[in-house]
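# Breakdown of the fold
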Amino acid sequence: MSTRTALVTGAASGIGKALVEKLDREGWRCFAGYNRQPPDALLETCSDRTQAVQCNVTDGESVKSALEEVGGALAGGALDLLVNNAATTGGAGGGVENVDIDRFKSLFEVNFWGQVRVTQAALPFIRRSEDGRIINVGSASQYLTIPMGCSYPISKAALKRLTQALRVELKPFGVQVTCVEPGGVRTPMIDISEEQRAELWASFPEHLLPQYEAQFKFPGDAIESAFPLWSAEKFADRVYHEVISAKKLKVNYLIGPGVWVLPIIERVVPDSLRERIFERMFRR
Ligand SMILES: NC(=O)c1ccc[n+]([C@@H]2O[C@H](COP(=O)([O-])OP(=O)(O)OC[C@H]3O[C@@H](n4cnc5c(N)ncnc54)[C@H](OP(=O)(O)O)[C@@H]3O)[C@@H](O)[C@H]2O)c1
């Protein structure tokens, strides 16, 4: 079989970086999409089959030129795998009562519209593959109800619905689509800084701050204490063996320590009990 090809967005750090390293070790040719900083550390550990491509998923021109670069390098060949991995948790914290709507929209620009944009631009090349695949990286957090932090899981829930639509639309053309839902992977994303912490509380107007502070824990603390953490390398290994190497892709793969319980809570546990579980997790 000829060398398989993959484009991974947001590959300069965390899960994206570990996935490209794994694919490279397995002999794939990779295009490592990055946003702000070129992924120098990644390129050092990879073979010359891996190349960096600047791709800000919120910017149509950047996505267009990234895919032109990929298309040029493929020289008529196919893109076998797209991993829509780029995402952010930042900037849109707070209660629904006070969240900054422009920031909420900016988060969706990365986590949802960015994935639509890259998928549209990459599909002409994926369609050339005999076994084209798209992996949307969702989040186990979409099974949780996170007070003061709902913007991120809502964007990931939307991405899951997008995955379901793409699966049906692209099946006749032989393109398989899935949503990989990580939880509890040690990456820069879960490394919450003091500034981010302060920013969340500062998002509340003065008259609401004492009320919310008295009721709720900082959401990141509650999640971190509920789940142990895996390394990004362990996670990438699991994704490679369970998802990328699978013959037929399932709708979604929930991967991470302890996260298997979340859909069971959603499906089996009555609503009132589920709400009590999340209250206990996030309330002071
Ligand atoms: N770690 C976990 O436990 C966990 C849990 C659930 C879901 N996830 C998901 O896993 C994926 C990878 O996250 P991670 O944990 O590895 O965190 P990460 O290291 O912060 O990776 C996110 C990457 O996305 C990139 N990115 C952000 N905005 C972008 C933009 N506009 N255009 C292109 N790239 C952009 C970032 O690059 P810049 O820094 O240069 O912007 C960064 O390299 C994400 O989809 C995340 O939602 C992770």
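Everything discussed here concerns the structure shown above.
Not measured: the values here are computed from a predicted model.

### Some remarks on the site of the ligand
Around the ligand sit 27 residues in total, of which S13, I15, N85, Y152 and T187 are the nearest. One nitrogen or oxygen atom from the main chain of V57 is found 3.0 Å from a nitrogen atom belonging to the ligand. For the ligand, an oxygen atom lies 2.5 Å from a polar atom in the side chain of Y152. Across the shell around the ligand, the residue classes break down as 13 nonpolar, 12 polar and 2 charged.

### Some remarks on the nonpolar core
Counting 33 residues, the largest nonpolar core has L67, L79, I126 and I134 as the members making the most contacts within it. Elements with a minimum of two residues in this core: α3 (60-74), α4 (101-126) and α5 (151-170). Looking at this core, the element that brings in the most residues is α4, giving 11 residues. Not counting residues up to four positions away in its chain, the partners in contact with I126 are L79, L82, G132, R133, I134 and V175. Of all hydrophobic cores here, the second largest spans 31 residues; its members include L19, I135, I244 and Y253.

### As for the packing of aromatic side chains
The description of two aromatic rings rests on the distance between their centres and on the angle between their planes. As enumerated under the stated definition, the model contains 6 aromatic pairs in all. Measuring from ring centre to ring centre gives 6.2 Å for W201 and F204, while their planes differ by 35°; the resulting arrangement is tilted. The two residues W201 and F204 agree in class, both being buried. In this structure an aromatic cluster arises from ring pairing among F104, F108, F112 and W113.

The rules behind the values
- Residues numbered from 1 in each chain as written.
- Predicted model: local features only at pLDDT ≥ 70, side-chain atom pairs only at ≥ 80, totals over all residues.
- Heavy atoms only, no water.
- Near = heavy atom within 4 Å.
- Polar contact = N/O pair within 3.5 Å; in protein donor to acceptor, adjacent residues only side chain to side chain.
- Nonpolar A, V, L, I, M, F, W, Y, C, P; charged D, E, K, R; others polar.
- Core = buried A, V, L, I, M, F, W, Y, C linked by side-chain atoms within 4.5 Å.
- Buried < 20%, exposed > 50% of the residue type's maximum accessible area, 1.4 Å probe, protein only.
- Helix = DSSP H or I, 4+ residues; strand = E, 2+ residues; numbered from the N terminus.
- Contact = heavy atoms within 4.5 Å.
- Phe/Tyr/Trp six-rings, centres within 6.5 Å; stacked < 30°, edge-to-face > 60°.

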